[in-house]
Amino acid sequence: CCVNGGCDNVAARAGAAGGSGTYNEITCTTCNKPPTLSNPKPTAGSYVSAASVTFSATVAAPETGESVRAEFNVTGSWVAGSSVTTSGTSSYTVTLADGTYSWTVRARDAKGQYSAVSGPYTLVVDTVNPTVPSTALIAPNGGEILRGGSTFAIRWSGITDANFGSTPITLYLSTDGGATWPTTIASGLANSGTYTWTVPSLNTTTARVKIRATDRA
């Protein structure tokens, strides 16, 4: 017996015909509520730099003490995540090739009932670092004499990546020949190939400039 798909206590009475005699009353609990699911991860639109990816979601069973789990569809078929009791985080780890994935998730309880499917969510796996050739830094290229307070156009080329954001470039300054890089010239730059630098006032013959590119993974 069930009312409105919920959990209900139902009393059943059995006795002699005609309404006389001794009645036995039995109370039973029925439950047809589906499990629930929330907080799917990785979040929609995520980029990851490792091939091993863990998917997870918070799941909850309709009854205390009941086993419940998430099921994930990442590559075209449903795969069970770890089981939890009553509620908790269910997870699944898989090794994926580089590429873009559209994944979904649902919860399943011990009675075989499912939550609504959540998703699809987009995930990009990118294990390849940006290409920064040794010849990327065009200027300075060695031998320049720069005056403190003047401006200088730092220039680069050939830096590429399939998953660059809008501001992937960072420039660094070393004053000890590249042993350390304590000074950030500029960060969050577009990959435009040029940056106008105001040269700091210092005296050194061992200054170096370094360029770094970071993609969204």
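Preceding this section is the structure that the text describes.
Report follows, based on the coordinates.

What counts as what
- Residues numbered from 1 in each chain as written.
- Predicted model: local features only at pLDDT ≥ 70, side-chain atom pairs only at ≥ 80, totals over all residues.
- Heavy atoms only, no water.
- Phe/Tyr/Trp six-rings, centres within 6.5 Å; stacked < 30°, edge-to-face > 60°.
- Helix = DSSP H or I, 4+ residues; strand = E, 2+ residues; numbered from the N terminus.
- Buried < 20%, exposed > 50% of the residue type's maximum accessible area, 1.4 Å probe, protein only.
- Lys NZ or Arg CZ within 6 Å of the ring centre and 35° of its normal.

1. Examining the packing of aromatic side chains
Per the counting criterion, the structure on display carries five aromatic pairs. For the pair Phe55 and Trp103, a centre-to-centre distance of 4.9 Å together with 65 degrees between the ring planes defines the contact as edge-to-face. You can see Phe55 sitting in strand S5 (residues 52-60) and its partner Trp103 sitting in strand S9 (residues 99-109), a full 48 residues away along the chain. Taking the relative accessible area as the measure of exposure, Phe55 reaches 0% and is therefore buried. Since its relative accessible area comes to 0%, Trp103 is described here as buried. Ring centres of Phe72 and Trp103 lie 6.4 Å apart, and the angle between their planes is 40 degrees; this geometry places the pair in the tilted category. Of this pair, Phe72 sits in strand S6 (residues 67-73) while Trp103 sits in strand S9; the two residues are 31 residues apart in sequence, bridging distant segments of the chain. Counting every residue linked through ring pairs, the aromatic cluster contains Phe55, Phe72, Tyr92, Trp103 and Tyr121. Lying across the ring of Trp78, Arg106 places its NZ or CZ 4.0 Å from the centre. For the cation-ring pair, Lys210 lies above Tyr172, with the distance from its terminal atom to the ring centre recorded as 5.3 Å.

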